[in-house]
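Residue-level listing of the chains:
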Amino acid sequence: MTVLADTWRYLTDAASWQGPGGLWARTVEQLLLTGSALVLAVLVGLPVALYLGHRGRGGFLAINISGVGRAIPTFALLALLVTAPWPGPQEFGPYGRAGLATLLALMLFALPPIITQGYTAIREVPDEVKESAQGMGMTRWQQFFRVELPLGLPLIASGVRLALVQVWATATIAALVAGPGLGRIITEGFYRSNYSKGIAAAVVVALVALVLELGAAAVQRALAPVPREPQQADTVRESLSGT
Amino acid sequence: MRVTLLAAAAEPSCYSRLTNEWICGAYLVDRRGELVDATVEHVLITVSALVFAVVIAFPMALLARRYPRLEGGVLGLSTGLYTIPSLALFPLLVPFTGLSPSTVVLGLGLYALTILVRSMLEGLKAVPADVRESALGLGYGAGKLLWRIELPLALPVIMAGLRVATVSTVALTTIGTLVSFGGLGDLIRDGVETNFRAELLAAAVLCVVLAVLLDALLVLAQRAMTPWTRGVRA
């Protein structure tokens, strides 16, 4: 396979990593895009999801947002945002006009898993735990911050983790509207029949996805209120409800 | 200025360069053929990708259930495919398939595989052991057991996976425009490149409508195939 050999040569050539359009610069662009989209989605989606979960309402909404969100092609959303007279200026910090549109499209793309998982996480804290917290005289705020949130945290984190990897891989479609990120190298290589270049960029995307996935898994494990063993979680539950 | 106004008067269509409206009935009528063609292509690509995925996923799920040692590998393989970005998947396939619809069908099929293998495996595993044993006791062979007992019981879980796969495949088909076989995605890209809002919005909306329609179709099919579940809910 000469294509694979060429890909390896492209990846190991220092020149392909340097410069404004090089692999390194594009990776940083895409990381910036992914990170900000995820932060925005968490800031917007999580409070709503947690509130709905805490009140035990809007389950229909929270679950169905996921289905509807999946039906909307991110590319169509991106295309609409790029063509629309807003959002604003031609240049927007490190993102650029197309980057800004991508940022918004990715944020909306990240919302469904964050909202659905966040809602479920709080909702599925066992009723007896909530009741015992109430019986101990906790206020609603205390119940939420000291009982529901810590117990729901692993599931909330898994929603964010899912969104992170999906957003990272999807961010490449910014290239379809001439936006930033590794997708540019993929499409450039493809349009010029320089397949090894496109494949090299795709390999970088997949590798970073793997690193992000492993990092997120480590963070998620660290967030577990009761580490590892599920039996321990049961004992906590019992000790709380036993009082 | 006067010339512009005259030109506008001469071409009252709301999709002329001068107005570039988002919503335009005249466009939908004028370009009906184009829209229908793109929609048909979209449906064909989506459905073939799903059929391809089901055909591959089913034996994979059966294998993984039969040999638990393979389970981790099968799930790992189908999940690993997901880390390849959709934009990169098509160019990756082009050296093998050329610029043809099969590139898109293959790529989308591989993506759908992840969801389908998982749901098929989960569905089959959830069939209660005593049900299987009683069927075996009644003299059911392995094949008959699978088709008459296990698959019908696993159907709700499998269908749930198929619905997710269908909806996301409809959305992902648009990316196929990269190799010029994206169905409605081709119109979306053309809309971006020529800054033509009516075309862009019409194609995007059609895409969502298509996803909702196919999803509804699957729900109806599931209800028809599992008549026994209806009484339970009521």
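Residues numbered from 1 in each chain as written. Chains lettered and ligands numbered in written order. Predicted model: local features only at pLDDT ≥ 70, side-chain atom pairs only at ≥ 80, totals over all residues. Heavy atoms only, no water.

Focus: the interface of chain A and chain B
Interfaces are often sized by the amount of accessible area the parts lose when they come together. Tallying the contact residues gives 31 residues for chain A and 33 residues for chain B. Of the roughly 2,700 Å² buried at the junction of chain A and chain B (both faces included), carbon and sulfur atoms supply 83%. Considering only the surface of chain A that becomes buried against chain B, A:Phe75, A:Thr83 and A:Phe190 emerge as the three largest contributors, covering 22% of it. Seen at the junction of chain A and chain B, the total is one residue pair in polar contact (both at pLDDT 80 or more). The set of elements that each furnish at least two residues to the side of chain A that touches chain B consists of helix H3 (59-71), helix H4 (74-83), helix H8 (183-191) and helix H9 (195-223) of chain A. Each residue belonging to the side of chain A that touches chain B can be placed in one class, and the counts come to 25 nonpolar, five polar and one charged. (Contact = heavy atoms within 4.5 Å. Buried area = accessible area lost by both parts, 1.4 Å probe. Polar contact = N/O pair within 3.5 Å; in protein donor to acceptor, adjacent residues only side chain to side chain. Helix = DSSP H or I, 4+ residues; strand = E, 2+ residues; numbered from the N terminus. Nonpolar A, V, L, I, M, F, W, Y, C, P; charged D, E, K, R; others polar.)

Let's talk about a nonpolar patch on the surface
Together, A:Val203, A:Leu207, A:Leu210 and A:Leu214 line one region of the surface with nonpolar side chains, adding up to about 370 Å² of accessible area. Residue position: A:Val203 is located in helix H9. (Patch = residues over 30% accessible without salt bridge, like charges linked within 9 Å, V, L, I, M, F, W, Y side chains within 5 Å. Areas by Shrake-Rupley, 256 points an atom, 1.4 Å probe, with all protein chains shown as cover. Salt bridge = Lys/Arg side-chain N within 4 Å of Asp/Glu carboxyl O.)

Some points on the packing of aromatic side chains
Using the criterion set out here, one finds six aromatic pairs over all chains in the structure. Judged by centre distance (5.6 Å) and plane angle (5 degrees), the rings of A:Trp141 and A:Phe145 are stacked. Of this pair, A:Trp141 and A:Phe145 both sit in helix H7 (residues 140-170), four residues apart, roughly one helical turn. Taking the relative accessible area as the measure of exposure, A:Trp141 reaches 63% and is therefore exposed. With a centroid separation of 5.7 Å and an interplanar angle of 45 degrees, the aromatic rings of A:Phe190 and A:Tyr191 are classed as tilted. Site record: aromatic cluster; members linked through ring pairs are A:Trp141, A:Phe144 and A:Phe145. Taking the ring centre of B:Tyr140 as reference, the NZ or CZ of B:Lys144 above it sits at 4.7 Å. (Phe/Tyr/Trp six-rings, centres within 6.5 Å; stacked < 30°, edge-to-face > 60°. Buried < 20%, exposed > 50% of the residue type's maximum accessible area, 1.4 Å probe, protein only. Lys NZ or Arg CZ within 6 Å of the ring centre and 35° of its normal.)

Focus: the packing of helix H6 (residues 101-125) of chain B against helix H8 (residues 142-173) of chain B
All names here are of chain B. Remark: H6 packs on H8, axes separated minimally by 8 Å, with the N-to-C direction vectors making an angle of 150 degrees. It follows that H6 is roughly antiparallel to H8 by the angle criterion. Between H6 and H8 lies a crossing whose hand is right-handed. Class assignment for the residues of the contact of H6 with H8 results in 16 nonpolar, six polar and two charged. (Axes fitted to C-alpha atoms, helices over the stretch in contact; angles between N-to-C directions. Parallel < 35°, antiparallel > 145°, perpendicular 65-115°, else oblique. Left-handed = near helix turned anticlockwise from the far one by under 90°.)

Considerations on the confidence of the model for chain A
Residue and element names in this part refer to chain A. Within chain A, residue pLDDT values average 82, and 88% of them lie at 70 or more. Highest mean pLDDT in chain A belongs to helix H2 (residues 23-55) (91); lowest belongs to helix H10 (residues 230-242) (43). Note on residues 229-243: pLDDT under 50 across the span, and twelve contacts to partners over four residues away in sequence or across chains. (pLDDT = per-residue confidence, 0-100.)

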